Amino acid sequence: MSHAAIPIAGALLLGRSRLSLPVIATGIVFSMFPDADVIGFRFGVDYADGWGHRGATHSLLFAAAAALFTVALVRPQRYVLAGLFLFISMASHGLLDTLTNGGLGAALFWPLDETRHFAPLTPIAVSPIGIADFISARGIKVLQSEVIWIWTPLTISVAMILGLKHWRVKWLQRNGTAQQ
Ligand SMILES: [Zn+2]
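Residues numbered from 1 in each chain as written. Predicted model: local features only at pLDDT ≥ 70, side-chain atom pairs only at ≥ 80, totals over all residues.

Student: Please explain the packing of helix H1 (residues 5-14) against helix H5 (residues 79-97) as it appears in this structure.
Tutor: The packing of two helices is summarised by the inter-axis angle and the distance between the axes. Following both chains from N to C, one finds H1 and H5 inclined at 150°, their axes separated by 8 Å at the closest point. In terms of axis orientation, H1 runs roughly antiparallel to H5. At the point where H1 passes H5, the crossing takes the right-handed sense. Here Ile6, Pro7 and Gly10 of H1 come into contact with H5, specifically with Phe85, Ile88, Ser89 and Ser92. Taken together, the residues of the contact of H1 with H5 sort by class into 4 nonpolar, 3 polar and no charged. (Axes fitted to C-alpha atoms, helices over the stretch in contact; angles between N-to-C directions. Helix = DSSP H or I, 4+ residues; strand = E, 2+ residues; numbered from the N terminus. Parallel < 35°, antiparallel > 145°, perpendicular 65-115°, else oblique. Left-handed = near helix turned anticlockwise from the far one by under 90°. Contact = placed C-beta atoms within 7 Å. Nonpolar A, V, L, I, M, F, W, Y, C, P; charged D, E, K, R; others polar.)

Shown next, in the form of structure tokens:
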């Protein structure tokens, strides 16, 4: 669930004037979409398969294709920015998964290379698959580590950048060279 933190932070930084609500909402869906691959377990797809969990849908190519396809289909305003936003929303999912301490890594470079990757540091507790496991002591530990490693640094960064922007506008206004 914490994957949504990335598009939310991006939307806060870029603002409604640059990204429309439908694009932001799509970004949030995109950030969580790669885990739809768990459906494969029901159909006998192995975790380690190309289309297994953390496989193809977690790759950079899949994210780029999904972003391009959506932009071509919907043709949003500022389509380059919207496309980048959607790409980062989905690509960040696989990258964040490489920071987790369990399961198999993410197949970032599928289909060129099906190796599952982990980052050099894996501070985030891996989220259990399935709701029942999530509502448990382990689930609370996972939430804790996601708050520490994802939500807190993003909130601080966004607040700092927005604060600096605000301060800069004020400063420019006071000096009579406001651009807005
Ligand atoms: Zn995932």
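Student: Got a minute to help me understand the packing of H1 against helix H2 (residues 21-32) in this structure?
Tutor: With their axes 8 Å apart at the nearest point, H1 and H2 run at an angle of 155° to one another. For the element pair H1 / H2, the angle class is roughly antiparallel. Along this stretch, H1 crosses H2, giving a crossing that reads as right-handed. Residues Ile6, Pro7, Ile8, Gly10 and Ala11 of H1 pack against Ile24, Gly27, Ile28 and Ser31 of H2. Of the residues assigned to the contact of H1 with H2, the class counts are 6 nonpolar, 3 polar and no charged.

Student: How do you make sense of the nonpolar core when you look at a structure like this?
Tutor: The tendency in soluble globular proteins is for nonpolar side chains to be buried side by side. If you look at the biggest cluster of nonpolar residues, it comprises 16 residues, and the most contacted ones within it are Ala63, Ala67, Leu86 and Met90. Elements with a contribution of two residues or more to this core: H2, helix H4 (60-74) and H5. Counting residues per element, this core draws most heavily on H5, which supplies 6 residues. Leucine 86 has contacts with Thr26, Gly27, Phe30, Ala67, Thr70 and Val71, leaving out every residue within four places of it along the chain. (Core = buried A, V, L, I, M, F, W, Y, C linked by C-beta atoms within 7 Å. Buried ≥ 20, exposed ≤ 12 C-beta atoms within 10 Å, placed from the backbone.)

Student: I'm lost on H1 in this one. Help?
Tutor: Every buried residue of H1 is listed here: Ala5, Ile6, Pro7, Gly10 and Ala11. Looking at the buried positions of H1, the neighbouring elements they touch are H2, H5 and helix H7 (137-174). Glycine 15 lies just past H1 and shows a positive phi near 85°.

Student: Explain H4 to me, please; I cannot follow it from the model alone.
Tutor: Three or four residues apart is the spacing at which side chains of an α-helix point the same way, because the helix has 3.6 residues per turn. Across its 15 residues, H4 extends 21 Å between first and last C-alpha, which sits within 8% of the 21 Å expected from 1.5 Å per residue. Among the residues making up H4, those that are buried are Phe62, Ala63, Ala66, Ala67, Thr70 and Val71. Looking down the long axis of H4, one finds its buried residues gathered within 155° of arc, a one-sided arrangement. The outward face of H4, more than 90 degrees from its buried face, is lined by the exposed residues Phe69 and Ala72. (Expected span 1.5 Å × (residues − 1). Arc of directions from axis to C-beta.)

Student: Could you clarify how one ought to interpret the environment of alanine 66 in this entry?
Tutor: Residue position: alanine 66 is located in helix H4. The spacing of alanine 66 and phenylalanine 87 is 21 residues in sequence and 7.5 Å in space, taken between C-alpha atoms. Setting aside anything within four residues of it in sequence, one finds alanine 66 in contact with Phe30 and Met90.

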